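# A look at the structure
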Amino acid sequence: MKKIVLFFLLSIPLLGYAQEHHVGIRIGEPLALTYKTFLNEQFSLEGLVGRAGANSAQYYRRVFENNRPHPGAFYGSHSAAGGLSLNARGAYNEDISSEFDITQGTLLAYGGAGVQLRTVKVDYVYYNDMGSAPIPQYEKRTNVDFGAEGFIGSEYYFDNLPMTVFAEVGLFLEILDRPGHVRLQGGIGARYLF
């Protein structure tokens, strides 16, 4: 909760430059609270604070294999939970209402890029000796991923309601932790305009 409050406090200086503010929720990967503001008619900035999903089981097994507690440790299993995701991104927005003969409301298409920080708590079970009665050992780690993201989407503005709905898809490319690892992301959501 402290991180969410800190994020919104750090966003306050941007409010003076913006002409339109949107606050809402995004359902997908990541599940997040979203704040979006327009710098002009076409360029927007967005911040997301939410819950990051875990990577695949193979991903965490490779992380363990590449960083064993000691050379004789054998992977047993793991569990992952408690993910946090922070995103900062910018987008170019274009009105495409006329292309789809939309007469009520406004349909925008957008695309952009940003950065993302993700953390997930991982509990490993491993063994030192794979003899007849192996004794399990335990280790807790926090997996931290940082990287770039690119995304495209569409957002619909209602005429008589101060809200929008949106859908988007994108890719997250890890730069720190496992450089080159790519993760597909996407989501749908709604925002309130004020």
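Look up a bit, the structure's there.
This section reports on the structure supplied with the text.

Basis of the calculations
Residues numbered from 1 in each chain as written. Predicted model: local features only at pLDDT ≥ 70, side-chain atom pairs only at ≥ 80, totals over all residues. Heavy atoms only, no water. Core = buried A, V, L, I, M, F, W, Y, C linked by side-chain atoms within 4.5 Å. Buried < 20%, exposed > 50% of the residue type's maximum accessible area, 1.4 Å probe, protein only. Contact = heavy atoms within 4.5 Å. Helix = DSSP H or I, 4+ residues; strand = E, 2+ residues; numbered from the N terminus. Pairing = 2+ DSSP bridges. Phe/Tyr/Trp six-rings, centres within 6.5 Å; stacked < 30°, edge-to-face > 60°. Lys NZ or Arg CZ within 6 Å of the ring centre and 35° of its normal.

Below, the discussion takes up the nonpolar core. Generally speaking, nonpolar side chains in soluble globular proteins are found buried as a group. Membership of the largest hydrophobic core is limited to 10 residues, which are Tyr-59, Tyr-60, Val-63, Phe-64, Ala-73, Tyr-75, Val-120, Val-122, Tyr-124 and Tyr-126. If sequence neighbours within four positions are ignored, Tyr-59 has contacts with Asn-143, Asp-145, Glu-174, Asp-177, Arg-178 and His-181.

On to the pairing of strand S2 (residues 31-38), then. Of all the eight residues making up S2, six are buried; the element is thus mostly covered by neighbouring parts of the structure. With six bridges joining them, strand S1 (residues 21-29) and S2 adopt antiparallel strand pairing. By the bridge assignment for S2, His-22 is matched with Lys-36. In this structure, the hairpin formed by S1 and S2 is closed by a connection of one residue. Summarising the sheet, S2 and strand S3 (residues 43-51) pair through eight bridges and their orientation is antiparallel. Looking at S3, one finds that Thr-37 is bridged to Leu-45.

What follows covers unusual backbone geometry. In this chain, Glu-29 is followed by Pro-30 through a cis amide linkage whose omega measures -5°. Phi at Asp-101 takes a positive value of approximately 50°, unusual for a residue other than glycine. Inspection of the secondary structure puts Asp-101 in the loop between strand S4 (74-95) and strand S5 (106-127). In this structure Asp-101 comes out as exposed when scored by relative accessible area, which is 69%. The phi dihedral of Asp-177 falls on the positive side, at around 100°, and the residue is not glycine. Relative to the elements of secondary structure, Asp-177 occurs in the loop between strand S7 (163-176) and strand S8 (182-193).

Let us now look at the packing of aromatic side chains. Counted according to the given criterion, the structure contains eight aromatic pairs. Taken together, a centroid distance of 5.1 Å and an interplanar angle of 85° make the contact between Tyr-59 and Tyr-60 edge-to-face. Residue Tyr-60 is classed as buried on the basis of its relative accessible area, which comes to 1%. Lys-36 extends its terminal NZ or CZ atom over the ring of Tyr-110, reaching a point 4.7 Å from the ring centre. Looking at Arg-118, its charged tip hangs above the ring of Phe-172, at a distance of 5.9 Å from the centre.

Following the sequence through the fold, Asn-160 ends up in the loop between strand S6 (136-157) and S7. Once the C-alpha coordinates of Asn-160 and Gly-105 are considered, the two residues, 55 residues apart in sequence, prove to be 8.2 Å apart.

Examined against the element boundaries, Val-63 turns out to sit in helix H2 (residues 57-66). Assessed through its relative accessible area of 14%, Val-63 is described here as buried. Considering only alpha carbons, one finds Val-63 and Asn-143, 80 residues apart in sequence, at a separation of 8.8 Å. Not counting residues up to four positions away in its chain, the partners in contact with Val-63 are Tyr-124, Arg-141, Asn-143 and Arg-178.

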